[in-house]
Amino acid sequence: MEPTQSINEQVQTANDAENNSSATAPENNQTVNISESERHDQSATAPENEREHLVRITDISKIYNPGENEVRALDHVSLTIDEGEFVAIIGQSGSGKSTLMNMLGCLDTPTEGTYYLHGTDVSHMTDDEQSDIRNREIGFIFQGFNLIQSLTALENVELPLIYRKVPRRQRGELARAALERVGLGKRMDHKPGELSGGQQQRVAIARAIAQAPPILLADEPTGNLDSASSRDIMNVIHSLYEDGRTVIIITHDPGIAQQAKRIITISDGHVISDSINPNV
Ligand SMILES: Nc1ncnc2c1ncn2[C@@H]1O[C@H](COP(=O)(O)OP(=O)(O)OP(=O)(O)O)[C@@H](O)[C@H]1O
Ligand SMILES: [Mg+2]
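Being a predicted model, the structure only gives us computed values, none of them experimental.

Chemist: Explain helix H8 (residues 227-242) to me, and be specific about the residues and the numbers.
Modeler: Since there are 3.6 residues in each turn of an α-helix, residues three or four apart along the chain are aligned in direction. Here H8 is 16 residues long and its end C-alpha atoms lie 22 Å apart, about the 22 Å a rise of 1.5 Å per residue gives. Residues Ser 230, Asp 232, Ile 233, Val 236, Ile 237 and Leu 240 constitute the buried set of H8. All buried residues of H8 project into a common sector of 160° when viewed along the axis, lining one side. Residues Ser 227, Ala 228, Ser 239 and Glu 242 are exposed on H8 and point more than 90 degrees away from its buried face. Of the surrounding elements, those touching the buried residues of H8 are helix H7 (197-209), strand E7 (215-219) and strand E8 (246-251). After H8 finishes, the residue Gly 244 shows a positive phi value of roughly 110°.

So this is what it looks like as structure tokens:
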């Protein structure tokens, strides 16, 4: 892929190609089965070794407390995720979902194995290097919203942009646009305590998307919400996916997982299934 082309442009091109796929039916009328992930991948026809996946983790293990009482939170996990995919990672409590999310989000490094993001090995980077990657590539959404109570919605969304040294005016513009995007244009001056749970999570989503990171990582984003607010948040997440973002949702809720295009199940630190969701 052309390195100068932005990820969103690449995804857009891939989506356009998908929308036009009827124009390129094979001449011999043979049925061609292409997986959802491949249809989202512009370079699906390239040989495996030339294809650059967005995420490629190979044989990753995470071992807490090495020694007698060690916990293998992830045990030889390998998987790839392509740009523009909508993936749910599902599994019971303690199965290793958050550990995997921390790896995917460059918040932690594996004990063993390698993680390539855009073809670059990010599993052996320093904290500063990982932090740069996170700032550029990844928007995080957590179960507990993680908003600062003393700041308004707008200030909460602006805060990471301050850390990223975005100039003040641009900061305000990006934060306002993100809050409008999640339907909170009229609540920007409210503090978290003056917002409902669903609205607080929308502020957190606005904070995650303000600088248009190509990857959205959400760990139980609806875990603290009633069902109406959950639907609301999933609608926002769906529309971000439709915009071309890669969305990875960690959940133990099968109803949430069923909304993703691909469902990966982990159990005891192992991937036990990985399949395209036939229901969407
Ligand atoms: N810092 C840590 N030190 C030791 N063990 C840990 C640590 N973090 C997680 N674990 C263990 O690793 C395993 C996987 O934990 P993880 O948090 O990834 O599970 P999870 O699937 O996210 O669970 P939940 O659905 O409850 O959030 C668990 O057995 C947990 O006890
Ligand atoms: Mg967890």
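Here the narrative resumes.
Chemist: Lay out the environment of Asn 156 in plain terms, naming residues and giving numbers.
Modeler: Looking at the secondary structure, you find Asn 156 in helix H5 (residues 153-163). For Asn 156, a count of 25 C-beta atoms within 10 Å translates into the label buried. Between the C-alpha atom of Asn 156 and that of Arg 207, which follows or precedes it by 51 residues, the distance is 7.0 Å. Contacts of Asn 156, omitting those with residues within four sequence positions, involve Leu 147, Ile 148, Leu 151, Val 203 and Arg 207.

Chemist: Could you give me a rundown of the packing of H7 against H8, with the residues and numbers involved?
Modeler: Interaxial distance between H7 and H8 falls to 9 Å at its minimum, and their mutual angle equals 20°. With respect to each other, H7 and H8 are oriented roughly parallel. Considering only the axes of H7 and H8, their crossing is right-handed. Of the residues in H8, those touching H7 at Gly 197, Gly 198, Gln 201, Arg 202, Ile 205 and Ile 209 are Ser 229, Asp 232, Ile 233, Val 236 and Leu 240. Taken together, the residues of the contact of H7 with H8 sort by class into five nonpolar, four polar and two charged.

Chemist: Just give me the short version of the nonpolar core, but keep the residues and values in it.
Modeler: Ala 88, Ile 89, Val 157, Leu 179, Ala 206 and Leu 217 are the most contacted members of the largest nonpolar core, which totals 62 residues. By residue number, the principal contributor to this core is H7, which donates six residues. With residues up to four places along the chain from it excluded, the contact list for Ile 89 reads Lys 97, Leu 100, Ile 248, Ile 250, Ile 264 and Ile 266.

Chemist: So what's going on with unusual backbone geometry? Residues and values would help.
Modeler: The phi dihedral of Cys 106 falls on the positive side, at around 55°, and the residue is not glycine. With respect to the element layout, Cys 106 can be found in the loop between helix H3 (97-104) and strand E4 (112-117).

Chemist: How would you explain the site of ligand 1 if you had to name every residue and give the values?
Modeler: The environment of ligand 1 is formed by 13 residues, the closest being Tyr 64, Ala 73, Ser 93, Ser 98 and Thr 99. Elements that contribute at least two residues to the shell around ligand 1 include exactly strand E2 (71-81) and H3. It is H3 that provides the largest number of residues to the shell around ligand 1, a total of three residues. Looking at the shell around ligand 1, its residues break down into three nonpolar, nine polar and one charged.

Reading guide: rules and limits
- Residues numbered from 1 in each chain as written.
- Chains lettered and ligands numbered in written order.
- Predicted model: local features only at pLDDT ≥ 70, side-chain atom pairs only at ≥ 80, totals over all residues.
- Helix = DSSP H or I, 4+ residues; strand = E, 2+ residues; numbered from the N terminus.
- Expected span 1.5 Å × (residues − 1).
- Buried ≥ 20, exposed ≤ 12 C-beta atoms within 10 Å, placed from the backbone.
- Arc of directions from axis to C-beta.
- Contact = placed C-beta atoms within 7 Å.
- Axes fitted to C-alpha atoms, helices over the stretch in contact; angles between N-to-C directions.
- Parallel < 35°, antiparallel > 145°, perpendicular 65-115°, else oblique.
- Left-handed = near helix turned anticlockwise from the far one by under 90°.
- Nonpolar A, V, L, I, M, F, W, Y, C, P; charged D, E, K, R; others polar.
- Core = buried A, V, L, I, M, F, W, Y, C linked by C-beta atoms within 7 Å.
- Near = placed C-beta within 6 Å.

Interpretation note: all reported values are geometric properties and have no functional meaning in isolation.
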